[in-house]
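Listed here are the chains, written in short residue letters.
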Amino acid sequence: MTGTILGASDISRALTRIAHEILERNGGADNLILLGIPTRGLPLAHRLAARIADVEPSFDAAARCGSLDITMYRDDLAKHPTRNIGTTTLPSSGIDGAVVVLVDDVFHTGRTIRAALDAVKDEGRPRGVQLAVLVDRGHRELPIRADFVGKNIPTARSERVHVLLTETDGEDAVILSDGKSSDGKPADGATSRQGSAE
Amino acid sequence: MKHLLSTADLSREDAIRILDTSEQMAATQDREIRKLPTLRGKTVVNLFFEDSTRTRISFEAAAKRLSADVINFSAKGSSVSKGESLKDTALTLQAMGADAVVIRHWASGAADRLAESSWMRGAVLNAGDGTHQHPTQALLDAYTMRKHLIGAESGPGAGIDGPTGNDLTGLTVGLVGDVLHSRVARSNIFLLHTLGAKVVLVSPPTLVPVGIGAWPVEVVHGLDAALETYDLDAIMMLRVQRERMSGGGNSFFPSPQEYTRLFGLDGDRMRRLPDHAIVMHPGPMNRGLEITAEAADSPRSVIVEQVSNGVAVRMAALYLLLAGEEGGE
Amino acid sequence: MSPSAESPQDSTPVRSTPAGSTPGAARALVIENVSLLGESLAHIVVQDGKIKLVRVADAAQGSDSAHSSDSAQGSADVLRADEVPEGAARIDGTGLIALPGLVDLHTHLREPGREDAETIESGSRSAARGGFAAIFAMANTTPTADTAGVVEQVWSRGQEVGLVDVYPVGAVTVGLGGEQLSEMGAMAMSRARVRVFSDDGKCVHDPVVMRRALEYVKTFDGVVAQHAQDPRLTEGSQMHEGVVSAELGLTGWPAVAEESIIARDVLLAKHVNSRVHICHVSTAGSVNILRWAKAEGINVTAEVMPHHLLLTDESVRGYDPRFKVNPPLRTQEDVDAVRAGLADGTIDIVATDHAPHPDEDKDCEWGAAAMGMIGLETALGIVQKTMVDTGLMSWADVAHRMSQLPARIGRVEATHGLPLSQGEPANITLVDPRAAWTVDPNATSSRSNNSPFGGIVLPGRAVATFLRGKPTYLDSRFEGSFA
């Protein structure tokens with residue numbers, strides 16, 4: 001089924017549920033750090049942090065939310081034109097001993113998360129790493145799983161998942177296309193310069 | 001970017017991209033684990049036909065921090081004793097599987113010749129060719145200036161949100177010393193101009209090339225006059241060679257003492273700079289000749305930081321040349 | 001074995017007999033409907049190495065080269081049967097221009113010493129292909145041509161090869177060291193009969209040595225050909241000093257280093273009442289000084305090289321050593337000035353400064369590369385492109401500047417540079433001004449390939465060269481004529 005899979009309110013409800021699941025799973029927000037993977041993982045991480053702060057007022061959303069750029073850890077650099085490197089921002093206390101929740105928009109082959117795990121390892125030694133994604137489209141190529149999923153969307157390999165967010169694209173939507181569209185919308189990031197979800 | 005040979009080849013967008021990438025590389029150097037896996041499996045050869053431990057080490061560090069394999073090749077030979085030919089050396093490196101060659105050579109144009117030739121296929125990074133260009137030096141100089149002056153508290157760069165994504169428009173930079181023989185000067189002049197800065201050359205007439213009229217610079221023949229006429233945001237002291245200052249038939253200046261008197265940066269001259277101005281030097285310094293200890297070691301001096309910025313900039317250069325698909329961008 | 005029995009392709013026969021010495025060895029030939037100096041159509045009959053007859057086909061025809069082939073009236077005055085020698089080869093000169101065999105006053109043949117770059121034979125072959133009947137071989141060989149022995153060796157070998165008359169140039173100073181005069185008298189009296197003396201490659205920079213040389217050559221009507229380059233102003237020089245050198249970071253070769261020596265030497269020549277020749281003039285300032293000197297009545301002659309008529313220092317961008325030469329390529333203003341100087345006679349002649357170098361001396365970084373370009377086969381085409389086709393010179397002027405005047409300066413005007421008329425030696429060059437061709441540096445008779453003109457289209461070229469009636473170069477179109 002192609003077309004809009006999730007609308008703005010669907011996305012909002014999913015993020016609220018994920019925020020509560022994170023808190024439930026970790027018994028609160030102590031030692032929690034959210035790291036969004038650019039591009040669209042970042043605004044999602046900020047939204048999750050805001051929802052967590054709504055429930056647990058002691059959680060400082062601004063301080064405990066950061067970005068993790070994984071460009072330099074990708075295993076497919078040589079297959080694409082040179083990518084720009086994004087910014088990595090961590091809480092000033094670092095990530096040692098914390099529970100790091102990686103946040104990304106689309107979970108696909110798992111290679112992005114594998115690169116993210118390598119990046120996290122070079123930044124410090126967290127107590128644990130968990131993964132929250134808005135959409136899981138299947139077709140894993142590595143033995144990696146997500147802890148928190150907004151929506152499972154079965155897809156054919158040729159199909160493309162487009163995540164649009166207000167912060168980056170002016171609207172909230174998750175759209176599935178058949179992969180042959182030339183509407184100028186980026187695919188799920190395979191050839192874009194700004195990082196991708198796989 | 002296929003090769004990095006000359007700053008004259010870089011567009012404003014190219015230059016800003018390199019500087020922004022350098023910022024990200026520099027950020028990783030503050031972590032405990034400074035190494036990145038990005039260029040794993042790539043081979044970088046340091047091909048040095050001229051001795052330069054500092055530059056070679058900087059490139060070696062940059063390559064290794066990106067997990068590339070480094071081979072150091074010190075070739076013998078000079079303009080006097082011909083030694084190994086550039087062509088044969090390049091063919092050897094190609095056989096060894098070099099993905100990139102960082103070349104320093106005594107002949108101007110050597111990096112260009114290597115890149116144009118069919119002797120090897122890898123990326124060519126010019127680490128200094130004769131008196132022609134030294135692009136990574138100019139890039140690390142521009143990076144240093146941008147970091148300190150754009151988004152600073154005072155000066156023409158104040159009021160800008162920060163270094164990232166920005167050029168050097170509004171800044172006035174002084175290059176002091178032997179421009180005629182300086183590849184650092186040439187690289188800086190073209191890059192600073194591309195990035196929108198104003199360039200002032202402070203140099204004796206004997207050390208300025210005859211064709212200087214065509215360059216986008218202003219020329220002053222004395223440091224005091226320069227300090228009076230311009231508000232320099234950055235002053236870069238170029239290294240002068242004592243052999244050229246001997247007063248003899250082949251020299252360009254009557255004596256080192258006279259050079260220091262007219263062009264040397266001491267504490268007094270340094271204090272005439274605007275408060276926010278920084279003092280730079282590509283190294284190695286001749287303390288007491290072109291710059292005094294007081295100036296070199298003052299809080300305004302960013303000379304030591306230039307060295308560490310050099311590693312970040314060279315990491316960025318290697319990344320941009322090697323990480324993407326071959327022939328792309 | 002006489003050369004005419006072999007069928008010439010687009011290159012000359014390998015073995016050759018001394019030109020014109022054996023009766024009947026050079027086959028008679030008839031060149032029909034050719035344009036004499038681009039001016040009038042004619043038939044030329046050559047026998048026993050001399051021009052036997054010139055029948056101007058239409059005396060009223062005064063058209064220039066490009067149109068002479070169009071006229072049908074030329075066939076009005078056909079040669080009578082008895083005017084055509086028996087067994088004569090017939091060459092159809094339609095569309096071609098006949099010039100007196102060209103004379104190059106400045107060539108480097110590299111033999112003895114650097115036979116890997118060129119030999120007297122390969123250089124002669126290249127010269128013949130370029131339309132030359134005589135070349136002056138510079139003295140910077142190994143050993144230096146500073147004794148009668150060496151010049152006689154060069155001269156003999158040239159005779160043996162027999163494709164061009166090779167006139168050795170004698171060094172002014174021993175070993176080109178610039179200090180001690182060489183035995184110029186001995187060289188003048190040798191079989192080589194040297195009249196041109198030069199340390200080319202280096203400048204006779206000591207003013208006293210130059211003065212003595214200028215005085216001394218008067219003994220035998222010799223001339224000193226000066227390579228004008230003040231060595232102190234050009235230490236380590238790599239290219240012209242100007243805007244381009246500043247950007248490329250290459251040590252500059254300032255124009256004043258050439259001009260100051262020329263100024264000095266014309267004044268010296270005036271003072272001691274001698275004649276002086278200036279090699280490879282390359283700058284506007286030099287042309288101005290020469291113009292002044294000639295106006296003063298000073299006995300100075302000068303030459304310009306084809307590359308200085310065409311290329312500028314912009315070519316050096318990219319650091320390809322094929323463009324590295326001494327004196328260097330200069331600016332467009334200089335190119336314009338030397339063209340104007342050649343046109344108005346301030347510069348007397350065109351010479352090639354053919355300077356072969358093996359590949360390894362050019363396939364390297366600029367600073368390590370040798371200076372020089374080959375040029376025997378491209379000279380005529382470049383002169384046509386820059387001077388004739390632009391209207392600055394006529395073909396008659398080309399004959400004057402590339403044959404007659406160089407022969408006179410070199411004191412060989414008894415055998416070369418002579419008019420194409422009855423009784424004169426049959427040293428003839430046939431030029432096709434419409435045979436456009438693309439220069440391929442690898443397709444040359446020279447042993448070396450260091451030409452900067454690769455890929456350039458030249459409008460015309462020599463298609464046949466005759467030395468005392470013997471064909472030394474024939475384009476493939478004449479295959480049938482000599483069968």
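Everything quoted here is computed from the prediction, not taken from an experiment.

Trainee: I tried to follow the overall build of chain A on my own but got confused; where do I start?
Mentor: In terms of helices and strands, chain A carries four helices and eight strands. Reading chain A from its N end, one meets helices and strands in the order β-α-β-α-β-β-α-β-β-β-α-β. For a compact globule of 198 residues, the expected C-alpha radius of gyration is about 16 Å, and chain A comes in at 16 Å, within 12% of that figure. The C-alpha extent of chain A, read off along each of the three principal axes, is 45 × 40 × 30 Å. Out of the 198 residues in chain A, the part that is buried amounts to 44%. Expressed as a percentage of contacts within chain A between residues at least 6 apart in sequence, the contacts between residues at least 24 apart total 69%.

Trainee: Help me understand the interface of chain B and chain C, please; the structure alone is not making it clear to me.
Mentor: Each partner contributes residues to the interface: chain B has 24 residues there, and chain C has 19 residues. With four residues, helix H4 (residues 110-116) of chain B is the single largest residue contributor to the side of chain B that touches chain C. In terms of residue class, the side of chain B that touches chain C is made up of eight nonpolar, nine polar and seven charged.

Trainee: Can you walk me through the domain arrangement of chain C in this structure?
Mentor: Accessible area lost when the parts come together is the quantity often used to give the size of an interface. All names here are of chain C. Once the domains are mapped, chain C shows domain 1 (3-98 + 423-482) and domain 2 (101-409). Using C-alpha coordinates to define each centre, domain 1 is positioned 28 Å away from domain 2. Every contact between the two is made by 36 residues of domain 1 and, on the other side, 45 residues of domain 2. Elements supplying a minimum of two residues to the side of domain 1 that touches domain 2: strand S16 (428-432), strand S19 (461-467) and strand S20 (470-474). The residue makeup of the side of domain 1 that touches domain 2, split by class, is 15 nonpolar, 17 polar and four charged.

Trainee: Can you help me understand the sheet that holds strand S4 (residues 123-129) of chain B in this one?
Mentor: Paired through backbone hydrogen bonds, the strands of a sheet run either parallel or antiparallel to each other. Residue and element names in this part refer to chain B. Here we have four strands laid out as an open sheet, ordered S2-S1-S3-S4, and parallel in their pairing. Here the strands that pair on one side only, and so sit at the sheet edges, are strand S2 (69-74) and S4. Sheet twist, expressed as the average angle between the axes of neighbouring strands with direction ignored, equals 15°. Sheet analysis places strand S1 (residues 43-48) next to strand S3 (residues 100-105), joined by five bridges and oriented parallel. Following the sheet pairing, asparagine 46 is matched in S3 by valine 102.

Trainee: Please explain the environment of Asn286(B) as it appears in this structure.
Mentor: Residues and elements named next belong to chain B. In this fold, asparagine 286 is placed in the loop between strand S9 (278-280) and helix H10 (293-296). Through-space distance from the C-alpha of asparagine 286 to that of leucine 192 is 25 Å; in sequence the pair is 94 residues apart. Here asparagine 286 is in contact with Arg239 and Val240, once residues within four sequence places are set aside.

Trainee: Honestly, the nonpolar core in this entry has me stumped. Any pointers?
Mentor: As a rule of thumb, nonpolar side chains are buried together in soluble globular proteins. Grouped together as the largest cluster of nonpolar side chains are 299 residues, with contacts concentrated most on Leu48(A), Val101(B), Ala234(B), Ile235(B), Leu318(B) and Ala98(C). Considering every element that reaches this core, the biggest residue donor is helix H11 (residues 303-322) of chain B, with 12 residues. Discounting residues that sit within four places of it in the chain, Ile235(B) has contacts with Gly174(B), Val176(B), Leu265(B), Leu273(B), Ala277(B), Val279(B) and Met280(B).

Trainee: What is the right way to look at helix H2 (residues 53-65) of chain B in this model?
Mentor: Count 3.6 residues to each turn of an α-helix, and residues three or four apart come out pointing the same way. Residues and elements named next belong to chain B. The end-to-end C-alpha separation of H2 is 18 Å, in line with the 18 Å expected for 13 residues at 1.5 Å each. Of all the positions in H2, only Thr55, Arg56, Ser58, Phe59, Ala62, Ala63 and Arg65 are classed as buried. Those residues of H2 that are buried lie in contact with S1, S2, S3, S4 and H11. Of the residues one or two after H2, serine 67 is the one with positive phi, at around 65°.

Trainee: Looking at this model, I keep getting lost on helix H5 (residues 207-216) of chain C. Mind explaining?
Mentor: Residue and element names in this part refer to chain C. Of the positions making up H5, those classed as buried are Met210, Ala213 and Leu214. Seen from one end, H5 has its buried residues packed into an arc of 100°, which puts them on one side. Buried residues along H5 sit against strand S10 (223-226), helix H7 (255-271) and strand S13 (276-278).

Cut-offs applied
Residues numbered from 1 in each chain as written. Chains lettered and ligands numbered in written order. Predicted model: local features only at pLDDT ≥ 70, side-chain atom pairs only at ≥ 80, totals over all residues. Helix = DSSP H or I, 4+ residues; strand = E, 2+ residues; numbered from the N terminus. Rg over C-alpha atoms; globule rule 2.2 N^0.38 Å. Buried ≥ 20, exposed ≤ 12 C-beta atoms within 10 Å, placed from the backbone. Contact = placed C-beta atoms within 7 Å. Nonpolar A, V, L, I, M, F, W, Y, C, P; charged D, E, K, R; others polar. Domains from an automatic or database assignment. Pairing = 2+ DSSP bridges. Axes fitted to C-alpha atoms, helices over the stretch in contact; angles between N-to-C directions. Core = buried A, V, L, I, M, F, W, Y, C linked by C-beta atoms within 7 Å. Expected span 1.5 Å × (residues − 1). Arc of directions from axis to C-beta.

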